[in-house]
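Topology and contacts: notes
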Amino acid sequence: MAQEDTITIYTDGGCSGNPGPGGWGVVIIDGIQEAKLSGGEAATTNNRMELLAAINALEAVSQNSSWSTKKICIYSDSQYVKNGITSWIVNWKKNGWKTSSKKPVLNQDLWQRLDALYQQLDVSWNWVKGHAGITYNEVCDQLCQNEIRLQQQR
């Protein structure tokens, strides 16, 4: 469990097909309780779902006055999200949201939302191996898979 001055978050996102119906899942641990969040979209990509997991987690933290002033430790199995927000985004913004190969950054809308949240909160990003038996990562994956099934039924 998290320490009292730290919020621990696990996130995951995925799709059935890419693009295809997708889902995301989040577990927020504040040392006292665990909050689970999830959502999905009928037609999306894996990367968009990974980003939306992180965005929805940080939005929930920013809207909770007892959480928003604490340190936040995010665990994601997405190198795309972790590297994008901690490293690549610096040059994307400098280069007018273009990649090093001068192409538009994919998912710019979501990167801008994530960056705005990242700038207002005290967040550290950590990568975890997916499907490796890490309890909360597996819970997030289940939430994600449940959302994908819901989207497929619509």
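This text gives an overview of the structure that appears in the document. Note that the structure is a prediction, hence the values are computed from the model and not measured. (Residues numbered from 1 in each chain as written. Predicted model: local features only at pLDDT ≥ 70, side-chain atom pairs only at ≥ 80, totals over all residues. Heavy atoms only, no water.)

Section: the packing of aromatic side chains
Per the counting criterion, the structure on display carries seven aromatic pairs. For the pair Trp92 and Trp97, a centre-to-centre distance of 6.4 Å together with 40 degrees between the ring planes defines the contact as tilted. Owing to a relative accessible area of 10%, Trp92 belongs among the buried residues under this scheme. Overall, Trp97 belongs to the buried group, its relative accessible area being 12%. Aromatic ring contacts, followed pair by pair, group Tyr80, Trp88, Trp92, Trp97 and Trp111 into a single cluster. (Phe/Tyr/Trp six-rings, centres within 6.5 Å; stacked < 30°, edge-to-face > 60°. Buried < 20%, exposed > 50% of the residue type's maximum accessible area, 1.4 Å probe, protein only.)

Some thoughts on the side chain of Asp77
Mapping Asp77 onto the fold places it in the loop between β4 (71-76) and α2 (79-94). Lys129 is the oppositely charged side chain nearest to the buried, salt-bridge-free Asp77, at an N-O distance of 9.9 Å. Those residues in contact with Asp77 that lie beyond four places of it in its chain are Thr11, Asp12, Glu50, Trp127, Val128, Lys129, Gly130 and Asn137. (Helix = DSSP H or I, 4+ residues; strand = E, 2+ residues; numbered from the N terminus. Lys, Arg positive; Asp, Glu negative; His and termini not counted. Salt bridge = Lys/Arg side-chain N within 4 Å of Asp/Glu carboxyl O. Contact = heavy atoms within 4.5 Å.)

Details of the pairing of strand β1 (residues 6-15)
On any regular strand, side chains alternate: one points to one face of the sheet, the next to the other face. Burial of β1 is extensive: ten of the ten residues sit out of reach of the surface. Burial along β1 is two-sided: Thr6, Thr8, Tyr10, Asp12 and Gly14 facing one way and Ile7, Ile9, Thr11, Gly13 and Cys15 facing the other are all buried. The pairing of β1 with β4 spans six bridges and is parallel. Looking across to β4, one finds that Tyr10 is bridged to Tyr75. Direction of pairing for β1 relative to strand β2 (residues 20-29): antiparallel, over a ladder of eight bridges. Its bridge partner lying in β2, Cys15 is registered against Gly22. Following β1, the chain reverses through four residues before pairing antiparallel with β2; Gly17 in that reversal takes a positive phi of roughly 90 degrees. (Pairing = 2+ DSSP bridges.)

Concerning the environment of Arg149
Tracing the sequence through the fold places Arg149 in helix α4 (residues 135-153). Residue classification places Arg149 among the partly exposed positions, given a relative accessible area of 39%. In this structure the C-alpha to C-alpha distance between Arg149 and Ser16, which are 133 residues apart in sequence, comes to 8.9 Å.

Remarks on unusual backbone geometry
For the peptide bond that leads from Asn18 to Pro19, omega is 10 degrees, which places it in the cis range. Note on placement: Pro19 falls in the loop between β1 and β2. Residues other than glycine seldom take positive phi values, yet Trp97 does so here, at roughly 60 degrees. Among the structural elements, Trp97 can be located in the loop between α2 and α3 (108-120). Although it is not a glycine, Lys102 sits at a positive phi angle of roughly 70 degrees. On the basis of relative accessible area, Lys102 is assigned to the exposed category, the value being 63%.

What to know about the state of the cysteines
A full pass over the atoms with the stated rule returns zero disulfides. Its sulfur unpaired, Cys73 is 13 Å from the next cysteine sulfur, which belongs to Cys140. (Disulfide = S-S within 2.5 Å.)

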